[in-house]
Amino acid sequence: MAVSYYTKEGLEKLKAELNELKTKGRTDIAKEIAEARDKGDLSENAEYDAAKDAQGLLELKISKLEGVVGNARVIDESTIDTSKVSILSTVKIKNKKNGMMVAYTLVSEEEANLKANKISVKSPFGKGLLGKKIGETAEVKAPAGTMEFEVLDISVSSM
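Read on for an overview of the structure. Source: prediction; values computed, not measured.

The subject of this paragraph is the side chain of serine 89. As for its placement among the helices and strands, serine 89 is situated in strand 3 (residues 89-95). You can call serine 89 buried: its relative accessible area is 0%. Polar contacts involving the side chain of serine 89 include one to the main-chain amide nitrogen of serine 86, which spans 2.9 Å. Apart from the residues within four sequence positions on either side, serine 89 is in contact with Ile80, Lys84, Tyr104, Thr105, Leu106, Ile154 and Ser155.

Listed below in structure tokens is the structure:
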């Protein structure tokens, strides 16, 4: 599994979610299985089968999250190079076609939140912006075709 970079806040959220799944999630599933088991014959017990399936899915999610957390690194914002767009950069861009300006912060996939103007470095938009410098044009492949954005400013996000 590849190393992923997070803000301190983003990594804490992942760790909290993992802890919630390991404690409350496992406890809740165990209760469901016990209740279904108490209802009799397991060979024709749909509730028991559903609870066991849910348990399998929970364990899979825990396993994946453990892998993500185990390979996560916190980025020291003071070391971010603002000469080019990188993870945790806040980049102000202008749509070359309509002149509209917007600022986005590039974050890990798990921290992406479009409402907060946080976009994933793995998204088409993030990929198009990564490595660009002020004054350069980023080409973003969208369903409606290729869009061009001029990079106006690059700064370190203050999350």
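Right, picking up where we left off after that structure.
This brings us to the nonpolar core. By size, the foremost hydrophobic cluster in this structure holds 19 residues, and its most contacted members are Val85, Val91, Ile93, Leu106, Phe125, Leu129 and Val151. For valine 151, the contacting residues outside a window of four places in its chain are Val85, Val91, Lys92, Ile93, Leu129, Lys132, Lys133, Ile134, Gly135 and Glu136. Residues Ile29, Ala36, Leu58 and Val69 belong to the second largest nonpolar core, which totals 16 residues.

Should the charged atoms of two oppositely charged side chains come close, the side chains can pair. All told, the structure shown has six salt bridges when counted by the stated rule. Of the charged contacts in the structure, one is a salt bridge between lysine 61 and glutamate 17, with a shortest N-O distance of 3.9 Å. Linking lysine 61 in helix 2 (residues 46-70) with glutamate 17 in helix 1 (residues 8-37), this pair joins segments that are 44 residues apart in sequence. With a relative accessible area of 43%, lysine 61 lands in the partly exposed category.

Phi is positive for leucine 88, which is not a glycine, with a value near 70°. With respect to the secondary-structure elements, leucine 88 resides in the loop between strand 2 (72-74) and strand 3. Its identity is not glycine, yet asparagine 117 carries a phi of approximately 55°, on the positive side. On the secondary structure map, asparagine 117 appears in the loop between strand 4 (101-107) and strand 5 (118-120). Under the relative-accessibility criterion, asparagine 117 is labelled partly exposed at 30%.

Taking strand neighbours across the sheet as the criterion, the five strands line up as 5-4-3-7-6 in an open arrangement whose pairing is mixed. A single partner strand is all that each edge strand has here, and the edge strands are strand 5 and strand 6 (137-142). Sheet twist, expressed as the mean angle between neighbouring strand axes with direction ignored, is 45°. Relative to strand 7 (residues 145-156), strand 6 runs antiparallel, the two being bridged by six bridges. In the strand pairing of strand 7, alanine 142 is matched with glycine 145.

Most of strand 3 sits out of view: five of its seven residues are buried. Bridge count for strand 3 against strand 7 is seven bridges, and the pairing is antiparallel. Counted as the bridge partner of lysine 94 is glutamate 150 from strand 7. Here five bridges tie strand 3 to strand 4, and the two strands are oriented antiparallel to one another. Of the residues in strand 4, the one forming a bridge with valine 91 is tyrosine 104. If you look at the hairpin formed by strand 3 and strand 4, you'll find five residues sitting between the two strands, and glycine 99 has a positive phi there, around 80°.

The rules behind these values
Residues numbered from 1 in each chain as written. Predicted model: local features only at pLDDT ≥ 70, side-chain atom pairs only at ≥ 80, totals over all residues. Heavy atoms only, no water. Helix = DSSP H or I, 4+ residues; strand = E, 2+ residues; numbered from the N terminus. Buried < 20%, exposed > 50% of the residue type's maximum accessible area, 1.4 Å probe, protein only. Polar contact = N/O pair within 3.5 Å; in protein donor to acceptor, adjacent residues only side chain to side chain. Contact = heavy atoms within 4.5 Å. Core = buried A, V, L, I, M, F, W, Y, C linked by side-chain atoms within 4.5 Å. Salt bridge = Lys/Arg side-chain N within 4 Å of Asp/Glu carboxyl O. Pairing = 2+ DSSP bridges. Axes fitted to C-alpha atoms, helices over the stretch in contact; angles between N-to-C directions.

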